[in-house]
Amino acid sequence: MQFIRALIIHLVVFVLAGAMVWAGSDGGQLLNSDISSIAVANTLSIFASCALIAFVVQWLVLIPAHLLKTEHFYDLTGGATYIAVIIFAYLQSEQTDVRSLILTAVVAIWATRLASFLFLRVRKQGSDSRFDQIKHNFWRFSIAWTVQGLWVLITAGAAIAAITSSHKTDFGWIGGVGLILWLMGFLIEAVADNQKRKFKQQQDTKTQFIQSGLWARSRHPNYFGEILLWIGVAIIAYPALYQWQHLTLISPLFVVILLTKISGISLQEEQADQRWSDNADYQNYKNKTPVLIPKLFG
């Protein structure tokens, strides 16, 4: 049953990835055949090549991770994959501009910070509870790694499509607005993560919960920052997208769904409710503090 379930999920992932590649490749540049002797190099888009990299990297790391029964390199691999595909896209594009350079920089900067933060956190904690059960079963474990490949592809899809697009335009005021939103989101996420890290160093998290700093204005300010910065990336990318490439703008919507309904807020809220169900202070904090969008006053 585990194998059948994994097979079905993998097929769904590949269908979604295929749709993303089809859309992202529309009007996009082709892979430079000089780097490969493969006959199809002249017809393979750079976007499709990035998709292959996103999945192959996951599967290569999956093998030693399964043998060692460890999730320690999961987040680090995810971040490294973002960096690999975005830099590959930029280097392979024969038509590059300011927009392409900025998109490459913002995705790489975000990926480096978040991946290193998560890697150090899991090393200190010793484990990640999300993997306690699945890392002992290869097929269940493989789902997490394959889905991470899809996460990279969809989330960075708009940026990759814009970088590899043959439709180049001036950066303009739209790009400026997107960059400002990215900077705001990046700072909010980084500050929130740092505040929680310091809180865990100073307090017993079994009896205390963070409700200071940005966490006094939102129960999940780090996720708000994450969503905001990817909206910024989509806005930066938008003017360079061509026809079906506009479908890659699903990127921020995918991030919203992922963080609010699948692995982020819903999971953490459930854990918090179980831990603090009888804690009056937490119930008061929950009632007066927005779950995601920070309150400006009060």
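Look above for the structure.
One structure accompanies this document, and this report is about it. Here the residue numbers are simple positions, counted from 1 along each chain's written sequence. Totals for whole chains, interfaces and linings use every residue, but because this is a predicted model, local features are given only for residues with pLDDT of at least 70 and side-chain atom pairs only at 80 or more, for both listing and counting. Computation of side-chain values: all heavy atoms of the structure, hydrogens and water removed.

A separate point is the nonpolar core. One finds Tyr 82, Leu 103, Trp 110, Leu 153, Ile 160 and Trp 230 to be the most contacted residues of the largest nonpolar core, which totals 59 residues. Runs of E in the DSSP output that reach at least two residues are strands. Runs of H or I that reach at least four are helices, and both are numbered from the N terminus. Looking at which element gives the most residues to this core, the answer is helix H4 (residues 98-125), with ten residues. Here, residues are in contact when the closest pair of their heavy atoms is within 4.5 Å. Those residues in contact with Leu 103 that sit more than four places away from it in its chain are Ile 86, Ala 159, Ala 162, Ile 163, Val 233, Ile 236 and Ala 237. Working definition of a nonpolar core: buried Ala, Val, Leu, Ile, Met, Phe, Trp, Tyr and Cys residues. They are joined through side-chain atoms within 4.5 Å. Exposure classes here rest on a 1.4 Å probe applied to the protein chains alone. A residue is buried below 20% of its type maximum, exposed above 50%, and partly exposed in between. If you look at the next biggest cluster of nonpolar residues, it comprises nine residues, including Trp 215, Trp 276, Tyr 282 and Tyr 285.

For any two helices packed against each other, one specifies the inter-axial angle together with the distance between the axes. To obtain an axis, a line is fitted to C-alpha atoms, over the contacting stretch when the element is a helix, and the angle between two such axes runs from 0 to 180 degrees between their N-to-C directions. At a minimum axis separation of 9 Å, helix H10 (residues 265-276) and helix H11 (residues 280-288) run at an interaxial angle of 145 degrees. Every pair of crossing elements has a handedness; the one defined by H10 and H11 is left-handed. Along its contact with H10, which presents Glu 269, Ala 272, Asp 273 and Trp 276, the element H11 presents Tyr 282, Gln 283 and Lys 286. The sense of a crossing depends on the near helix, which, turned anticlockwise from the far helix by less than a right angle, makes the crossing left-handed and, turned clockwise, makes it right-handed.

Another aspect to go through is helix H1 (residues 2-25). Each helix should span, by expectation, one fewer than its residue count multiplied by 1.5 Å. For H1, spanning 24 residues, the distance from its first C-alpha to its last is 34 Å, which sits close to the expected 34 Å at 1.5 Å a residue. Packing partners of the buried residues in H1 comprise helix H2 (46-68), helix H5 (138-155) and helix H6 (157-164). Directly after H1, the chain includes Gly 27, whose backbone phi takes a positive value near 75 degrees.

Helix H8 (residues 221-237) packs onto H4 with a crossing angle of 165 degrees between their chain directions and a minimal axis gap of 10 Å. Classified by the angle their axes make, H4 and H8 are roughly antiparallel. In this structure, H4 crosses over H8, and the sense of that crossing is left-handed. Touching Arg 99, Ile 102, Leu 103, Val 106, Val 107, Trp 110 and Leu 114 of H4 are Glu 226, Leu 229, Trp 230, Val 233, Ile 236 and Ala 237, all from H8. Each angle receives one of four descriptions, namely roughly parallel if under 35 degrees, roughly antiparallel if over 145, roughly perpendicular if within 65 to 115, and oblique otherwise.

Counting through the fold element by element, Ile 236 comes out in helix H8. What Ile 236 contacts, discounting residues up to four positions off in sequence, is Arg 99, Ile 102, Leu 103, Phe 171, Gly 175, Gly 178 and Leu 179.

The subject of this paragraph is the pattern of salt bridges. We count a salt bridge whenever a side-chain nitrogen from Lys or Arg sits within 4 Å of a carboxyl oxygen from Asp or Glu. Per the counting criterion, the structure on display carries four salt bridges. In this structure, Arg 113 engages Asp 193 in a salt bridge whose closest nitrogen and oxygen atoms are separated by 2.8 Å. Here the residue Arg 113 occupies a position in helix H4, and Asp 193 occupies one in helix H7 (residues 172-202), the gap between them amounting to 80 residues. Given a relative accessible area of 17%, Arg 113 falls into the buried group. Through salt bridges that share partners, Arg 113, Glu 189 and Asp 193 make up one connected network.

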